[in-house]
Amino acid sequence: MSKFTHHIQPPSGFSLAVKELWQYRELFYFFTWRDIKVKYKQTYLGILWALIQPLGMMLIFTFIFSKTLQIDSGNIVYPVFVLAALVLWNFFNAAVSNAAESMILHAPIIKKIYFPRLIIPGSTLLVAFFDFLIGLVIFFVLCLYYHQAIEWTAIFYFPAGIFVVVFSAFGLGTFLAALNVKFRDFRYTLPFLMQLLFFASQIIYPLTAVKQSWLHYLLAVNPMNAGIELFRSPLYHTSPDMQVVGIGLASALLLFITGLIYFRKTEAYFADIS
Amino acid sequence: MKPAIEIRNLGKEYKLMEAEPYLSLRDVLSNTAKNILRGKKKRKNKFWALEDINADIMPGERIGIIGRNGAGKSTLLKIISRITPPTKGEAFLRGRVSSLLEVGTGFHNELTGRENIYLNGSILGLKRKEIKQNLDEIIVFSGVEKFIDTPIKHYSSGMKMRLAFSVAAHLNAEILLIDEVLAVGDIEFQKKCLGKMEEVSQQEGRTILFVSHNMDSIRNFCSKSLLLDVGKIIHQGNTNEVINSYVANHLQTQAQKQWPEGIFSYDKNIKLRKTFLHTKENKITSRFDTTERIGLSFEFEVLHHQASFTHGINLYNQEAVNIFNSHDVITAKENLQKEPGQYKATVWIPGNLLPEGIFTIGIALFSANPVDVMIHEQNVVNFEVFTDFSKSNARGRYAEDFPGIIRPLLDWETIRLG
């Protein structure tokens, strides 16, 4: 008799089931591989698209906010200032939006076969992360182009910034994915939510430009601000605003836990309602 | 030895939704608001799709699950496959499980045949190493070697099916759960797949749970069966016994109907006694293959005085669609006066007209001019039409779901233009 035994029973309690996720790691890989492959097969420009998109946005933002509206980015040039935030934001935006849609997109498979459902939003996150790595390369090239020095502290701060953004994207993405299955019209509010988050993040402006202290605290709750803060401080050669980082980290972890628990609690019924 | 599948008091309750299976935020908000204003709670209809299911399936056994639509067959399979959770009870599965509720799950049109083998195999629970080992065999089995590196959006549906099926036929799980997927594609390829699965099954002692509407494949494939009806197991045991009990009690075909007291016309002059279905050799039966002529006869008596009347039939399918009504215009034209005595009228439904399914007949006696209905009885006899692949029918060798209200054999002609 084989070592595999499944015990099927009504769902109760909450479990992370990490062991099971590990057993299904190959499927995780294949979903990610499929999405990356299909994405770049379908577009005419292929992988170039991952280069053009952040660069194009950077140029537009530089023109509008720096040249026209003259937003002050301090002692670093605006293109570097904005791209440091954009690579993080593009990842967050893609990861959350795709994760939110992913369960509905996979409804036909969910109804026909079992696997840990967390693999679906998880692999969309990984696909977005692949684009993020390309964006990061562009960012470093741009720093070289503008002779922008990056302080050695980036060795800690960059991974810390990525950590904050990945955890909050995963949390929000899984939460919205589960919510989208249950309430099918929720998806229409998603673009509005993302737009709100975009302006609530210090992408086109520095957080120091916000003078009201209550608003400053409120914005710090958005974990994107902590991520961007951690990314920009090695460029300014200053240490990051630890208040912003601390609040952002806490809210990232809260998002992560909330999203994960809500997803795990509802996933058993996805096949019934999707 | 412990059973490979052990099912204990398994049950599944569904909430009956009015229109849509999922909620919309708008409805929830507006309904909540309404309910608060009116002060009443929304009533939910619940029903048990499965109740008190118990079964022990030993390693190496192949069990068929039969029952009408909505009997709970697929729900049972979905719970055992862990796609949906039970509401109560439990089940133990001992061994690696693969479920095959569909072939080609997760196939992506932009990917090549080879890439889809990996993707689909992985979704079905194969390890990458195992797929790699069997890759050549899967490709050869599918018969699409030439196009294996072409995106499958360029495949015909038959090619996709064959590719999907050869992945499925190479699954190596100890427990295999199969739902209705064998009614697929070309009949010869289907047999080849069943053969392959059987080969694997006998060599390795694989346990199989098999849901199908096709009694013949259940008979060929499974030694034991479960019969489900409205969510409960009502019969389990030897496949032939279970199928016989299913056909006798549940398909509800009825080749003849007799009225010992008789059915009378409004003027009490005509008495209908008996209706029956028969082949052209006059054998009474309720099963016909699609190519056969179906004979319907009814016997009646003219009691007191001569009368002039004719006959008609109504034919309905399983979904209660009225497929056709037809009047006997030959008898009507002759407009004969029938002397008191006993009569039998026979009508022939041509072969190659009806598709597979269960059909119901209603009969009528009426005077033709002016039209005046004397006797009209609905739901008099029922019969089943099935496909006999050894005969030439409008399906050809195509074994998949082949819908349509009727299935005529048409004249085709192909000429060369240049």
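Draft legend 1. Layout of the overall build of chain A. Across its full length, chain A holds 12 helices and 1 strand. For chain A, the sequential pattern of α-helices and β-strands runs β-α-α-α-α-α-α-α-α-α-α-α-α. Here the C-alpha radius of gyration of chain A, 20 Å, is about what a compact globule of 274 residues would show, namely 19 Å. Principal axes of the C-alpha set define a box for chain A whose edges measure 65 × 45 × 40 Å. In chain A, which comprises 274 residues, the share counted as buried stands at 53%. Expressed as a percentage of contacts within chain A between residues at least 6 apart in sequence, the contacts between residues at least 24 apart total 81%. For chain A, the exposed surface amounts to about 13,000 Å²; the carbon and sulfur share of it is 71%. On chain A, the mean spot of the 18 positive side-chain charges and the mean spot of the 12 negative ones are 9 Å from each other.

Draft legend 2. Structural context of the sheet that holds strand 8 (residues 224-229) of chain B. Residues and elements named next belong to chain B. Here we have 6 strands laid out as an open sheet, ordered 5-6-7-3-8-9, and mixed in their pairing. Only two strands of the sheet have a single neighbouring strand rather than two, namely strand 5 (97-100) and strand 9 (232-238). Each strand axis lies, on average, 15 degrees off the axis of its neighbour in the sheet, ignoring direction. As paired elements, strand 6 (residues 175-179) and strand 7 (residues 207-211) share 5 bridges and run parallel to each other. From the neighbouring strand, leucine 177 faces strand 7, where its bridge partner is leucine 209. The strands that helix 2 (residues 73-80) touches are strand 3 (62-66), strand 6, strand 7 and strand 8; relative to strand 6, the one it contacts most, it runs at about 150 degrees.

Draft legend 3. Region of interest: the pairing of strand 18 (residues 371-386) of chain B. All names here are of chain B. In this sheet, strand 18 lies alongside strand 12 (residues 287-289) in parallel orientation, the contact comprising 3 bridges. What sits directly across from aspartate 289, in strand 18, is phenylalanine 386. With 11 bridges connecting them, strand 17 (residues 357-368) and strand 18 associate as antiparallel partners. Residue pairing in the sheet places isoleucine 361 in a bridge with valine 381 of strand 18.

Draft legend 4. The arrangement of helix 5 (residues 157-169) of chain B in detail. Between the first and last C-alpha of helix 5 of chain B there are 18 Å, a value that for 13 residues agrees with the 18 Å anticipated at 1.5 Å per step. Every buried residue of helix 5 of chain B is accounted for by Met159, Leu163, Ala164, Phe165, Ser166, Val167, Ala168 and Ala169 of chain B.

Draft legend 5. Local environment of the pairing of strand 13 (residues 294-302) of chain B. Residues and elements named next belong to chain B. Counting buried residues along strand 13, 8 of its 9 residues qualify, which places the element largely inside the surrounding structure. In terms of strand pairing, strand 11 (residues 270-278) meets strand 13 through 8 bridges, oriented antiparallel. Along strand 13, the bridge assignment pairs lysine 271 with glutamate 301. Strand direction decides the pairing type here: strand 13 and strand 16 (residues 341-349), joined by 9 bridges, are antiparallel. Paired with glycine 295 across the two strands is tryptophan 348, which belongs to strand 16.

Draft legend 6. Local environment of the interface of chain A and chain B. Taken together, the contact between chain A and chain B spans 42 residues of the former and 49 residues of the latter. Both sides of the chain A and chain B interface together cover about 4,100 Å² of buried area, and 63% of this is carbon and sulfur. The largest contributions to the chain A side of the interface with chain B come from His6, Ile8 and Lys112 of chain A, which together make up 17% of the buried area. At the surface where chain A touches chain B, the tally comes to 3 salt bridges. Those elements that provide at least two residues to the side of chain A that touches chain B are strand 1 (5-8), helix 1 (18-23), helix 2 (25-42), helix 5 (107-110), helix 7 (154-182) and helix 12 (270-273) of chain A. Its residues assigned to classes, the side of chain A that touches chain B comprises 23 nonpolar, 7 polar and 12 charged. Sheet topology places strand 1 of chain A next to strand 4 (residues 88-94) of chain B; 4 bridges connect them, and they run antiparallel. Residue pairing in the sheet places isoleucine 8 of chain A in a bridge with alanine 91 of chain B of strand 4 of chain B.

Draft legend 7. Structural detail: the sheet that holds strand 14 (residues 310-317) of chain B. Residues and elements named next belong to chain B. The strand order across the open sheet formed by 5 strands is 12-18-17-14-15, and the pairing between neighbours is mixed. Two strands bound the open sheet, and with one partner strand each, they are strand 12 and strand 15 (322-327). Across the sheet, the mean angle separating the axes of adjacent strands is 30 degrees when strand polarity is ignored. As paired strands, strand 14 and strand 17 are joined by 8 bridges and run antiparallel to one another. From the neighbouring strand, tyrosine 316 faces strand 17, where its bridge partner is threonine 360.

Draft legend 8. Here's a closer look at helix 10 (residues 223-236) of chain A. Residues and elements named next belong to chain A. If you check helix 10, its first and last C-alpha atoms are 20 Å apart, about what 14 residues at 1.5 Å a residue would give, namely 20 Å. Along helix 10, 13 of the 14 residues are buried, which leaves the element largely enclosed by surrounding structure. Among the residues trailing helix 10, histidine 237 stands out with phi positive, at a value near 60 degrees.

Cut-offs used in this document
- Residues numbered from 1 in each chain as written.
- Chains lettered and ligands numbered in written order.
- Predicted model: local features only at pLDDT ≥ 70, side-chain atom pairs only at ≥ 80, totals over all residues.
- Heavy atoms only, no water.
- Helix = DSSP H or I, 4+ residues; strand = E, 2+ residues; numbered from the N terminus.
- Rg over C-alpha atoms; globule rule 2.2 N^0.38 Å.
- Buried < 20%, exposed > 50% of the residue type's maximum accessible area, 1.4 Å probe, protein only.
- Contact = heavy atoms within 4.5 Å.
- Areas by Shrake-Rupley, 256 points an atom, 1.4 Å probe, with all protein chains shown as cover.
- Lys, Arg positive; Asp, Glu negative; His and termini not counted.
- Charge placed at Lys NZ, Arg CZ, Asp CG, Glu CD.
- Pairing = 2+ DSSP bridges.
- Axes fitted to C-alpha atoms, helices over the stretch in contact; angles between N-to-C directions.
- Expected span 1.5 Å × (residues − 1).
- Buried area = accessible area lost by both parts, 1.4 Å probe.
- Salt bridge = Lys/Arg side-chain N within 4 Å of Asp/Glu carboxyl O.
- Nonpolar A, V, L, I, M, F, W, Y, C, P; charged D, E, K, R; others polar.

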